[in-house]
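# Residue-level structure breakdown
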Amino acid sequence: MKTIKQGTYFWQGNEACAEAAIIAGCRFFAGYPITPASELFEHMAKRLPQVGGITIQMEDEMASLGAVIGASWTGNKAMTATSGPGFSLMQELIGYAFMTETPCVIADMQRAGPSTGQATKCGQGDVMQARWGTHGDYSAIVLAPNSAQEMFTLTIKAFNHAEKYRTPVILLADEIVAHMREQVTVPSIENIEIINRRKPKAGEKAFFGSEEVPPMPAVGEGYNVIVTGSTHDEYGVRSTANPIVHRRLVERLNNKIQNHAEEIADYESYNIEKCKIGIVAFGCTSRAIYEATENAEKMGINTGYVRLKTLWPFPEKIIKKLTKSAKKIIVPEMNLKQIFYEVERSAHSSAEVIPLNKIGGGELITPEELTAKIQEVAEEKK
Amino acid sequence: MTQPFLIRKYLRDIEMPFCAGCGIFTVMNTFLRAIHELGHEDLSKFVFCSGIGCSAWIPSPHFIADSIHTPHGRSIPVATGVKLLRPDINVVVFGGDGDIVGIGLSHFIHAARRNLDILAIMVNNMVYGMTGGQVAPTTPFKIKTTTTPYGSFEQPLDAARLAVTAGACYVSRWTTIHQNELRESIKKAMKIKGFRFIEAVSQCPTAFGRRVGFKDVGEMLKWFKENSVSIKQSEKLDEDELAKKIVVGEFIQRQRSTFVDNVYKTIEEAQKIDEN
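Small disclaimer: the values here were computed from a predicted structure and weren't measured. (Residues numbered from 1 in each chain as written. Chains lettered and ligands numbered in written order. Predicted model: local features only at pLDDT ≥ 70, side-chain atom pairs only at ≥ 80, totals over all residues.)

### Describing the overall build of chain B
The number of helices and strands found in chain B is eleven helices and eight strands. Radius of gyration (C-alpha) of chain B: 19 Å, near the 19 Å computed for a compact globule of 276 residues. In terms of overall dimensions, chain B has C-alpha extents of about 70 × 40 × 35 Å along its principal axes. In chain B, which comprises 276 residues, the proportion classed as buried is 50%. (Helix = DSSP H or I, 4+ residues; strand = E, 2+ residues; numbered from the N terminus. Rg over C-alpha atoms; globule rule 2.2 N^0.38 Å. Buried ≥ 20, exposed ≤ 12 C-beta atoms within 10 Å, placed from the backbone.)

Right under this line is the structure:
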């Protein structure tokens, strides 16, 4: 069995992520065991050698992402997977991958934190860490799947973004999406868009600048590339005191993501032009919005939603659009208001933003709970 | 006829940031001389990985080569990724004692255990030099540093012996006065497969020597010369006497199946199972 063929499969979210990674061209995985991401690691350990790839277990999460970065610099696509505690440890190397413009994918199957928290239970508390976890000024591309199917499609997208923008991309899933088994449809492989990093043309030497996303050489091919996490000029030479070099580099690294926020923004929306009450949700929590919207409509409440597939850069335009009709927006999350403030900021006082939070025990916000909240909000006096 | 050793052909024309009298110059020169004597006219068959600290700057950006200057302590993990996907390339790690056996210690042990096919050269100046002279895992007992102003109350780590225990295929330790031995050691290590570790005890006149009371670099080198003992000589010394000595020589040379070979054999086996 080489790569998966077109067809319908019954996969765990973790498995869908692994198969998608292989289709995207991933040939190296380094990981450290952690619930609830271990099944992805185990599946890669079985599958990557079958396609000529390598899966290794490292001594910790820093080493895992370090090996992934080394592999990426040989011209290969590489990924790692973890959960909250390991994601915290990886922050150092996420910053390094960003600074050195190393494409790679980091899957974080969120569980209930802080710290060890409830290791086997779902949470959505890493939203802000995914955006702001490493030190210094940086920008992150973060995608949030809500089904096994989307684990598949967004994993391919994560690799494509990583290669296109030469940056680490975070697949921010959660325990529920990672562990549940669902039907996954794999389209014809030839029809799946796969993006590969741009390699330098003969004579090109500015591997770290002079254009938005510079070409990326591989080591061992005679480019004499200097890779460093210290501030460096467009040729990779360390420049630790020059203010212009630092400004130019760090602004470009951020701009290459922020200037493409709209292109990166991915979401599903329903009735956002007419609804009076809007819902903004992501990941496992967003699975309740369909039934809740239906329930609300049966009660005569005009409801719509935006389901975010891109969390960062935050898709503020679609939220702004939603606020043109919806004057009340409910934000259900399995954390204590992490995306809520982003929605409130994007709404910019043109709508009232109402949180609906639930943490602990891996308990989902049910369609009934969300329906009740919609009803409560609809009945409130203006 | 071998070409004369012209060090500048391996080096970028970039000013070196190291202090006058730093042992890094000796290690850099000795390494490149060894590479030259092995017949490498350039560094195109090498990828260098280094972490944070003065000695991590030996290859990056000075060597005309591919070099990856990683976060503190993470040179060996990055080297792991590079070597696994490019088994044909010589991967050499440079780092200080703080980088390799301080913050990066677990990576060092695990790379030796796996027998990862890389050469790791640790420049041991017994102190955190770049940050101003703080105590290191290699600082001798009772030595005063900026974070142990009354003398270190920790016992130092013997990195070379640890590498032997962990499974390295070649381990040696020399000081910057043992340039010939160090050069021959590098040449030998380059021809061996598996995890190879060379410790170069080196002088840091700025952040170590002057605080400890050495008047100049010459005094530090004299200290190395007078206190270096061979492995054989060291066997006759008791613990207190040994604590004041630098044990030099080759600690081990052996063959073990390497990580890269084992990984690729596994791929072959997995594909056979899959076909059946």
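### Regarding the nonpolar core
If you look at the biggest cluster of nonpolar residues, it comprises 199 residues, and the most contacted ones within it are A107 and I329 of chain A together with I121 of chain B. At nine residues, the largest contribution of residues to this core is made by helix α6 (residues 148–165) of chain A. Each of domain 1 (7–191) and domain 2 (268–379) of chain A accounts for three or more of the residues forming this core. Aside from chain neighbours lying at most four places away, what touches A107 of chain A is C17, A37, L40, M79, A81, L171 and A173 of chain A. (Core = buried A, V, L, I, M, F, W, Y, C linked by C-beta atoms within 7 Å. Domains from an automatic or database assignment. Contact = placed C-beta atoms within 7 Å.)

### Things to note about the domain arrangement of chain A
All names here are of chain A. Looking at chain A, the domain boundaries give domain 1 (7–191) and domain 2 (268–379). Inter-centroid distance (C-alpha atoms) of domain 1 to domain 2 is 26 Å. In this assembly, 25 residues from domain 1 lie in contact with 23 residues from domain 2. At the level of secondary structure, the elements contributing two or more residues to the side of domain 1 that touches domain 2 comprise β6 (118–122), α5 (127–132), β7 (141–143), β8 (168–174) and α7 (175–179). Here the side of domain 1 that touches domain 2 is built from residues that sort into 15 nonpolar, six polar and four charged. (Nonpolar A, V, L, I, M, F, W, Y, C, P; charged D, E, K, R; others polar.)

### Focus: the environment of C169 of chain B
Residue and element names in this part refer to chain B. Mapped onto the fold, C169 is located in the loop between α5 (159–166) and β5 (170–175). Judged by the 22 C-beta atoms lying within 10 Å of it, C169 is buried. Apart from residues lying up to four places away in sequence, C169 is in contact with N115, I192, K193, G194, F195, R196, R254, Q255 and R256.

### Section: the sheet that holds strand β2 (residues 66–69) of chain B
Taken in spatial order, the nine strands line up as β10(A)-β2(B)-β1(B)-β3(B)-β4(B)-β6(B)-β5(B)-β8(B)-β7(B) in an open sheet, and their pairing is mixed. Edge positions in the open sheet fall to β10 (226–228) of chain A together with β7 (228–230) of chain B, since each of these has one partner strand only. Between one strand axis and the next, the sheet turns by 20° as a mean value, whatever way the strands run. Relative to strand β3 (residues 90–96) of chain B, strand β1 (residues 46–50) of chain B runs parallel, the two sharing five bridges. Pairing of C49 of chain B across the sheet is with V93 of chain B, part of β3 of chain B. Relative to the sheet, helix α8 (residues 217–227) of chain B contacts β5, β6 (196–201), β7 and β8 (246–253) of chain B, its axis offset from that of β7 of chain B by approximately 25°. (Pairing = 2+ DSSP bridges. Axes fitted to C-alpha atoms, helices over the stretch in contact; angles between N-to-C directions.)

### Structural notes on the sheet that holds strand β15 (residues 328–333) of chain A
As a general point, the strands of a sheet are linked pairwise by backbone hydrogen bonds and lie either parallel or antiparallel. Residues and elements named next belong to chain A. As summarised here, the arrangement of the five strands in space is β11-β13-β12-β15-β16, forming an open sheet in which the pairing is mixed. Two strands in the sheet have a free side with no partner beyond their single neighbour: β11 (267–270) and β16 (352–357). Pairs of neighbouring strands in the sheet enclose a mean axial angle of 15°, with direction left out of account. Across six bridges, β15 lies against β16 in parallel orientation.

### A short note on the pairing of β2 of chain B
In β2 of chain B, alternate side chains face the same way, and those of D66 and I68 of chain B on one face and S67 and H69 of chain B on the other are all buried. One ladder, built from three bridges, connects β10 of chain A with β2 of chain B; its direction is parallel. Bridged to I226 of chain A within β2 of chain B is S67 of chain B. Relative to β2 of chain B, β1 of chain B runs parallel, the two sharing four bridges. Each residue of the ladder has a partner; that of S50 of chain B, found in β2 of chain B, is H69 of chain B.

### Here we look at the interface of chain B and chain A
If you look at the interface, chain B gives 33 residues, while chain A gives 38 residues. Secondary-structure elements contributing two or more residues to the side of chain B that touches chain A are β2, α2 (75–85), α4 (105–114) and α11 (259–275) of chain B. Taken together, the residues that form the side of chain B that touches chain A break down as 17 nonpolar, twelve polar and four charged.

### Here's the deal with the packing of helix α1 (residues 13–24) of chain A against α6 of chain A
Residues and elements named next belong to chain A. Direction vectors running N to C along α1 and α6 enclose 35°, while the axes themselves pass 8 Å from each other. In the packing of α1 onto α6, the handedness of the crossing is right-handed. Of the residues in α6, those in contact with G13, A16, C17, E19, A20, A21, I23 and A24 of α1 are A148, M151, F152, T155, I156 and F159. Residues that form the contact of α1 with α6 fall into these classes: eleven nonpolar, two polar and one charged. (Left-handed = near helix turned anticlockwise from the far one by under 90°.)

### Some thoughts on the pairing of strand β5 (residues 104–112) of chain A
Residue and element names in this part refer to chain A. The buried count for β5 comes to nine of nine residues, which makes it a mostly enclosed element. Of the strand pairs in this sheet, strand β4 (residues 77–82) and β5 are connected by four bridges, and their pairing is parallel. Among the inter-strand pairings, T80 is bridged to a residue of β5, identified as I106. This β-α-β element, β4 to helix α4 (residues 84–100) to β5, shows right-handed connectivity. (Right-handed = clockwise from strand over helix to strand, strands pointing away.)

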